[in-house]
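Residues per chain, in single letters:
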Amino acid sequence: MNRRRHNALRDYTAEAGLFASRAMICMGLVATVFLVLLGNLYHLQVTGFQEFQTRSNSNRITVLPVPPNRGLIYDRNGEILAENIAVYSIEIIPEEVEDLDDTLTRLVELLDLDESVVSQFTTQMRRARRFPQIPFTDNLSEEQVARFALHQHHFPGVSVEARLQRHYPYDDLFTHVIGYVGRINRQDIQRLQANDSYNLYAATRTIGKLGVERYYESVLHGKPGFQTVEVNSRGRVVRTLEFTPPVPGQDIYLEVDVQVQKIARHQLQGRRGAIVVMDSENGGLLAMYSNPSYDANQFVRGISTTAYQALLQNSNNPLINRATQGRYPPASTIKPHMALLGLEDGLVDLETSIWDPGYYELPGVERRFRNWRSWGHGWVDLRKALQVSNNTYFYKLAHEAGIDRIHDFMRSMGFGERTGVDIHEENQALLPSRGWKQANLNESWYTGETLSVGIGQSFWTVTPLQLATATNILVTEGRRFQPRLLRATRDGEQLTYQEPFELPPLNVRDPMFFSAIMEGMERAVSRADGTAHAAFVDAPYRAAGKTGTAQVISRAEAEQEPELVLVDGEQVPVEVDERLRDNATYIGYAPADDPQITLAIAIENVGGGGRNAAPVARRILDFYFDYQKSVEQAELRDQEEREEERLQEERLKEQREEQSDDAN
Amino acid sequence: MMQTSQERGSLTLFYRFHIDLPLFLALACLSVISLAVIYSAGGQDIALVQRQSVRIGIAFTVLIVLAQISPLTYKRLAIPMFVVGVALLVAVLLFGVVGKGAQRWLDIGITRIQPSEIMKIATPMMLAWYCSQQQLPVRWTQAFGGLLLIIVPTLLIAKQPDLGTALLVFSSGVFVLFLAGMSWRLISAALVALAGFLPVAWFFLMHNYQRQRVLTFLHPESDPLGAGYHIIQSKIAIGSGGFEGKGWLQGTQSQLEFLPERHTDFIFSVFSEEFGLMGVCVLLIIYGFIVYRGLAIAIRAQQVFSKLLAGSITLTVFIYALVNIGMVSGLLPVVGVPLPLISYGGTSMVTIMAGFGILMAIATHRRLVLRD
């Protein structure tokens, strides 16, 4: 009742008017607010369009580099030495993993892995990273991949990736030649940045660390491709918008021959040493093997600390490439080169003989410099001196030449400096000189040392590769080839052969000098009293060579007992500590009348060169010529077979024609 | 009554079923847009669209049913609904179910109910009833009483915490007071009081995450991968849509999942990215038309209660749109308010449609009112 009366008193018109005006105000406010909203949207969508469009694109579009396939490495016959194989690896993005420790433990359990991968992974993680993913383990078996795939949803941030990995099918056979690739580290990055080539490695995980892999890195690597992809907010690739394929690296053919390398390894089995086999005609290296070696593949995957420590601490130093880094006294293998010096300088000639009483005496010096045969070789001329490895002849020659001349001449033969072979692991060894001795030992040069140098002892050291390279100068009558591993590169179908790298020749007054020295070296093999004769009895080819035997005694001891500096030939003291036994060296070439291959051998602590190194040379040469012959025969056989087939086909055709004629 | 005779001639059929055709068509338009954008934002998941279609069906059913009820009935229900609603809010605080970090639901055995949604209708109804008891304009004392009625449910909801709903409930009540002619001086005084209240709210009432939202709103770029990420990505989506948009299903920001809450609170960003400023204009025009139509219905209503309730319901929908669009375009802090009738989700849509149902009841029951 009250309400009704109240209503009756109400001014409905006034109320309606008031409400209408308030509603109109609201409508106005709403319109204003909508205009403000619209203005702001206009600001975003029209004024700011360019900026937001760019930001939207950079949100979703990412350019991903695609790694190029690394060039393959073959031997001269197309045998593959370094290939790329597909491997499955587990990779982890730590930022996407919630409980890393737990994940790692479960992974080890699931995949039956060795616990050591966990510590390896954590070390990897602490290092500077170039990619969000860190490899956890690789070379997964199909079964492990399947097992992981089944449980993948339990492992966020963990994925299986298929990648190409470098593989060296011959394991340790070519490690010192080819080297290996390994993960790119900070030094590599700095080096690449210095070369301005780091951008080529945007997607690459490994780089050549050693040997040919390192030397020819720029040839082998190739150029990365790029794919422009659309990613979602979690960084997953949704689709590819654009793809620029990578340019694969070039393939490389090396001069080496797997078969020759294998025989070289076989010959060094169980011994420390190196063998260099060179193509006489161009300096190409048919084989270069250093024993002991090690498996290159373990470095590709990232070698464990313990395994690496084991290699480092191995007393046989497998990490050293003895062919290019081993420093050996050349011993008597230097005599042919000394002979060339004598002839060139007119200190000796081809006819003159000297009398060898079994020693050489320096005027004013009490000590006698002994020949290895204490009763001497009697009348000795140059060829004979090489044949029997007479010391007295070369003591006299060295004495007359003097250390300065020896140094200069031997430098022109390539001693004391790097050969320039196409791997970086090379030592210049040591060609002694007055200046060197003064600078390093702070002592003046003694004439007695000159005599020792004359027979390849004293301070003089060479690498087997230097020795082979210098020997090849004699063999080619003065041509100087830089030793070389690269035979050809292949870019797609385009095969480019490497030109031999030839230095200006070594000019001597008379080319006869070379043939005389080579004659002496052939006699060392062919004559009954030649130092290498025993090893080459009944060889089906004409070989030539020079043996060397260097006693392994510290220099101090050597100076106390100078008469024991050189013991060439067969007199090996057997009851000596293994490490104190003589080093055997050998240089040689064959065939003597038309040299095809030149070789140098150094074997540590085995005794005399004649008995220990020369037989190695014999077996390598035997194998090589036999193998050459078998290759030629095989080719001949192939040819005959093809001819045979062709004839047979023709005959069949004729028969058929006859038959059809008959039918008609 | 006379002014609507022409209209009624053509709309008789719909008026018989208490449906305001222009408003109904506008709502239907929004529903179609909603389904299209949800399909795109949800990663072209047809199941999502089907579920939303069912909800839209339910919501329209609720609208039609509520439109049949006389405004007088709503007036009678105002007090009981409000009392029950507040009681339920208290119950939520005491026995509520916690979900998504807030206590909003009440488990009543068969289903969960969200009492704060009821308050979106109950509060303006209560206020409209309260203000219609005396001659308009509302006086000082009455206005204070009204404010008290508003603040009780608002605080209860804010405590859950559900800032978005609290804001909507609060504004729905304040709109009634404003439309009821609350004096300008009082409005100014209230604004001053509100300004004074803000620091208090900041230090004593707000949760940490709420403060974070406000801070993020003020400096979104300071934390581009953290809390500011959503706003930045949303602005990128809207801005990169440009004038014409990237095209339906072509929005990279949404399709590639850079946008958060794509089919719910940030659906406007998806819409803007794909349909551009042109699409946005169309959408704002539809909302503007709905507000215009709602206010027109309110002005034409004869009962004070109906006028105030219709006005409040309409303006609350506008607040929804304002807060949501302002939030995703970086003008307002992020509070969980859906884009009305577009965002995926059933609860708020049913509430809004219920509001429109009441609005239509008010629009179409005038003669009955007169007879009364």
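Everything quoted here is computed from the prediction, not taken from an experiment. The written sequence of each chain sets the order in which its residues are numbered from 1. Labels are handed out in written order, letters beginning with A for the chains and numbers beginning with 1 for the ligands. Only residues with pLDDT of at least 70 get local features here, since the model is predicted, and only at 80 or more are side-chain atom pairs given and counted; chain-wide, interface and lining totals rely on the full set of residues.

A.B. asks: So, the overall build of chain B: which residues are in play, and what are the values?
C.D. replies: Secondary structure elements are taken from DSSP: a helix is a run of H or I of four residues or more, a strand is a run of E of two residues or more, and numbering for both begins at the N terminus. Broken down by element type, chain B carries 15 helices and three strands. Taking all 372 residues of chain B together, the buried fraction comes to 52%. By definition, residues are in contact whenever their C-beta atoms, placed on the basis of the backbone, come within 7 Å of each other. Sequence separation of at least 24 residues holds for 71% of the intrachain contacts in chain B that already meet a minimum separation of 6. Around each residue's C-beta, the other C-beta atoms within 10 Å are counted; 20 or more make the residue buried, 12 or fewer make it exposed, and counts in between make it partly exposed. All C-beta atoms are placed from the backbone.

A.B. asks: Tell me about the nonpolar core, residues and numbers included.
C.D. replies: Among the nonpolar cores identified, the biggest contains 121 residues, and Met 125, Leu 177, Ile 267 and Leu 309 of chain B are the most heavily contacted of them. It is helix α13 (residues 304-328) of chain B that contributes the most residues to this core, 17 residues altogether. With residues near it in sequence (within four places) discarded, Ile 267 of chain B still touches Val 37, Ala 41, Arg 262, Leu 339, Ile 342, Ser 343 and Tyr 344 of chain B. In these notes, a nonpolar core means any group of buried Ala, Val, Leu, Ile, Met, Phe, Trp, Tyr and Cys residues linked to one another through C-beta atoms within 7 Å. Of all hydrophobic cores here, the second largest spans 119 residues; its members include Tyr 180, Ile 334, Val 380 and Ala 602 of chain A.

A.B. asks: Got a sec to walk through the sheet that holds strand β1 (residues 61-66) of chain A? Specific residues and values, please.
C.D. replies: All names here are of chain A. Whether two strands pair comes down to DSSP finding at least two bridges between them. Taken together, the three strands give an open sheet; going across it, the order is β1-β9-β10, and neighbouring strands pair in antiparallel fashion. Each edge of the open sheet carries a strand with a single partner, namely β1 and β10 (237-244). Strand-to-strand, the axes of this sheet are offset by a mean angle of 30°, without reference to chain direction. As a rule, the C-alpha atoms of each element are fitted with a line to give its axis, helices using only the stretch in contact, and angles between N-to-C directions run from 0 to 180 degrees.

A.B. asks: Just give me the short version of the interface of chain A and chain B, but keep the residues and values in it.
C.D. replies: The interface is formed by 34 residues belonging to chain A together with 40 residues belonging to chain B. For the side of chain A that touches chain B, the secondary-structure elements that each account for two or more residues are α2 (12-47) and α3 (49-60) of chain A. Ranked by residues supplied to the side of chain A that touches chain B, first place goes to α2 of chain A with 19 residues.

A.B. asks: So what's going on with the packing of helix α5 (residues 115-131) of chain B against α13 of chain B? Which residues, and what values?
C.D. replies: All names here are of chain B. Contact geometry for α5 and α13: axes closest at 8 Å, N-to-C directions at 145°. The crossing of α5 and α13 is right-handed. Listed contacts from α13 to Pro 124, Met 125, Ala 128, Trp 129 and Cys 131 of α5 are Phe 305, Leu 308, Leu 309, Ser 312 and Ile 313. Less than a right angle of anticlockwise turn of the near helix away from the far helix marks a crossing as left-handed, whereas a clockwise turn marks it as right-handed.

A.B. asks: Please provide a residue-by-residue account of the pairing of strand β20 (residues 486-491) of chain A, values included.
C.D. replies: Bridging between strand β12 (residues 251-254) of chain A and β20 of chain A involves four bridges; their strand directions are antiparallel. Across the sheet, Ile 252 of chain A pairs through a bridge with Thr 489 of chain A, a residue of β20 of chain A.

A.B. asks: Can you explain the sheet that holds strand β24 (residues 583-590) of chain A? Please cite residues and give values.
C.D. replies: Residue and element names in this part refer to chain A. Taking strand neighbours across the sheet as the criterion, the five strands line up as β14-β13-β25-β24-β23 in an open arrangement whose pairing is antiparallel. Edge strands, defined here as strands with exactly one partner in the open sheet, are β14 (285-291) and β23 (544-550). When strand polarity is set aside, the average angle formed by the axes of neighbouring strands in this sheet is 5°. The pairing of strand β13 (residues 273-279) with β14 spans six bridges and is antiparallel. When the sheet's bridge partners are listed, Met 278 is paired in β14 with Leu 285. On top of the sheet, helix α11 (residues 258-268) reaches β13, β14 and β25 (597-603); it is set at about 30° to β14, its chief contact. Strand contacts of helix α21 (residues 464-475): β13, β24 and β25, with the helix running at about 145° to β25, the strand carrying the most contacts.

A.B. asks: Just give me the short version of α3 of chain A, but keep the residues and values in it.
C.D. replies: Taking 1.5 Å per residue, twelve residues should reach 16 Å; α3 of chain A reaches 16 Å between its end C-alpha atoms and fits that length. Listing the buried residues of α3 of chain A in full gives Phe 52, Ser 56, Asn 59 and Arg 60 of chain A. All buried residues of α3 of chain A lie within an arc of 80° about the axis, which places them on one face of the element. In α3 of chain A, those exposed residues whose orientation departs by more than 90 degrees from the buried face are Gln 50 and Ser 58 of chain A. Turning to α3 of chain A, the residues buried within the fold contact α2, β1 and β9 (225-231) of chain A together with α10 (229-241) and α11 (252-255) of chain B. By this rule the span expected of a helix is its residue count minus one, scaled by 1.5 Å. Arc definition: it is the arc formed by the directions from the helix axis to the C-beta atoms.

A.B. asks: Before we move on, can you summarise the packing of helix α17 (residues 391-401) of chain A against helix α20 (residues 447-454) of chain A with the specific residues and values?
C.D. replies: Packed helices, taken two at a time, are described by the angle between their axes plus the distance between the axes. Residues and elements named next belong to chain A. Across the interface, α17 lies against α20 with an axial gap of 8 Å and an inter-helix angle of 125°. Judged on the interaxial angle alone, α20 and α17 are oblique. Remark: the crossing between α17 and α20 carries right-handed chirality. Within the contact between the two elements, α17 uses Phe 394, Tyr 395, Leu 397, Ala 398 and His 399 and α20 uses Thr 447, Thr 450, Leu 451, Val 453 and Gly 454. Note on residue classes: Ala, Val, Leu, Ile, Met, Phe, Trp, Tyr, Cys and Pro are nonpolar, Asp, Glu, Lys and Arg are charged, and everything else, Gly too, is polar. Its residues placed into classes, the contact of α17 with α20 shows six nonpolar, four polar and no charged. Any angle from 65 to 115 degrees is called roughly perpendicular, while one under 35 is roughly parallel, one over 145 is roughly antiparallel, and all others are oblique.

A.B. asks: Just give me the short version of the environment of Gly 326 of chain A, but keep the residues and values in it.
C.D. replies: Residues and elements named next belong to chain A. Counting through the fold element by element, Gly 326 comes out in the loop between α14 (322-325) and α15 (335-344). On a C-alpha basis, the gap between Gly 326 and Glu 426 in space is 8.8 Å, while along the polypeptide they are 100 residues apart. Apart from the residues lying within four places of it in its own chain, the contact partners of Gly 326 are Ala 274, Ile 320, Thr 463, Pro 464 and Ala 602.

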